[in-house]
Amino acid sequence: LAKTTQPISMDSYEGQEVNITCSHNNIATNDYITWYQQFPSQGPRFIIQGYKTKVTNEVASLFIPADRKSSTLSLPRVSLSDTAVYYCLVGTLSGSGTYKYIFGTGTRLKVLA
Amino acid sequence: EAGVAQSPRYKIIEKRQSVAFWCNPISGHATLYWYQQILGQGPKLLIQFQNNGVVDDSQLPKDRFSAERLKGVDSTLKIQPAKLEDSAVYLCASSDQNEKLFFGSGTQLSVL
């Protein structure tokens with residue numbers, strides 16, 4: 001299973017773009033990258049997932065270089081409500097045909113006014 | 001669409017007592033996961049079900065933890081007997097065909 005490494009914490013100001021980079025050097029061919037957000041006293045919530053290149057949705061963008069050994073979550077124009085823990089996960093296909101997800105320690109993002 | 005339901009929301013027990021948590025996944029989701037999240041850490045996978053079969057329970061402390069998913073829908077996670085280090089939030093998640101995980105709000109367990 002690919003282990004992920006990401007910064008423990010980051011601070012940003014409202015309105016700025018935030019980029020959180022995750023390394024996953026042991027990613028396998030069938031693995032894909034997914035990011036989750038977690039607020040206190042809540043379960044993690046899906047943000048975005050991708051396999052390669054760039055993926056964009058209404059809340060974030062995900063950049064994955066050709067070697068797929070890292071990925072960068074980009075949050076445009078953050079607000080105070082984006083203060084949360086962000087987890088980078090690598091989904092690994094198991095023998096049963098389902099994906100297994102291992103969480104790392106996450107990045108604690110604090111958005112300042 | 002209804003989300004993943006978990007109960008109870010909070011539970012306080014004394015060490016050596018037993019406790020059970022319940023999870024109702026999103027309708028139609030075949031895969032169900034139980035995670036343990038200790039304060040300040042990321043969720044740790046305890047067990048994964050595909051329908052009513054166990055896919056992965058390599059991280060489940062089987063001397064005290066057990067889980068079942070009868071009929072491939074609801075699931076229960078039991079701890080017997082509880083230890084102080086079992087204090088954590090227990091999260092249930094289910095996944096759709098796109099493998100996106102949907103989490104419940106969790107059960108916060110305090111073992112005194």
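Nothing here was measured: the structure is a model prediction, and the numbers come from that model. (Residues numbered from 1 in each chain as written. Chains lettered and ligands numbered in written order. Predicted model: local features only at pLDDT ≥ 70, side-chain atom pairs only at ≥ 80, totals over all residues. Heavy atoms only, no water.)

A. Seen up close, the interface of chain B and chain A. Counting residues at the interface gives 23 residues for chain B, matched by 20 residues for chain A. Regarding the contact of chain B and chain A, the summed buried area is about 1600 Å², with carbon and sulfur atoms giving 52% of it. Seen at the junction of chain B and chain A, the total is one salt bridge. As a salt-bridge pair, Lys100(A) and Asp56(B) come within 2.3 Å of each other at their nearest N and O atoms. Applying the counting rule to chain B against chain A returns eight residue pairs in polar contact (both at pLDDT 80 or more). Contributing elements (two or more residues each) for the side of chain B that touches chain A: β4 (31-37), β5 (44-50), β6 (53-56) and β10 (101-103) of chain B. When residues in the side of chain B that touches chain A are grouped by element, the largest group, four residues, is from β4(B). Class assignment of the residues belonging to the side of chain B that touches chain A gives a composition of eight nonpolar, 11 polar and four charged. (Contact = heavy atoms within 4.5 Å. Buried area = accessible area lost by both parts, 1.4 Å probe. Salt bridge = Lys/Arg side-chain N within 4 Å of Asp/Glu carboxyl O. Polar contact = N/O pair within 3.5 Å; in protein donor to acceptor, adjacent residues only side chain to side chain. Helix = DSSP H or I, 4+ residues; strand = E, 2+ residues; numbered from the N terminus. Nonpolar A, V, L, I, M, F, W, Y, C, P; charged D, E, K, R; others polar.)

B. Fine view of the environment of Arg64(B). Residues and elements named next belong to chain B. Relative to the elements of secondary structure, arginine 64 occurs in the loop between β6 and β7 (65-68). Overall, the relative accessible area of 11% leaves arginine 64 in the buried class. Taking C-alpha positions, arginine 64 is 5.0 Å from glutamine 80, a pair spaced 16 residues apart along the chain. Dropping the residues within four chain positions of it, arginine 64 is found in contact with Lys78, Ile79, Gln80, Pro81, Ala82, Lys83 and Asp86. (Buried < 20%, exposed > 50% of the residue type's maximum accessible area, 1.4 Å probe, protein only.)

C. Molecular detail of the state of the cysteines. All names here are of chain A. Within the structure shown, the criterion is met by two disulfides over all chains. Note that cysteine 22 is cross-linked by a disulfide to cysteine 88, the S-S spacing being 2.2 Å. Taking the sign of the torsion about the S-S bond as the criterion, the disulfide between cysteine 22 and cysteine 88, at about -75°, is left-handed. Pair noted here: cysteine 22 is in strand β2 (residues 18-23) and cysteine 88 is in strand β8 (residues 84-93), with a separation of 66 residues, a long-range link. Judged by relative accessible area, cysteine 22 falls into the buried class, the value being 0%. Take cysteine 88: its relative accessible area is 0%, and that puts it in the buried class. (Disulfide = S-S within 2.5 Å.)

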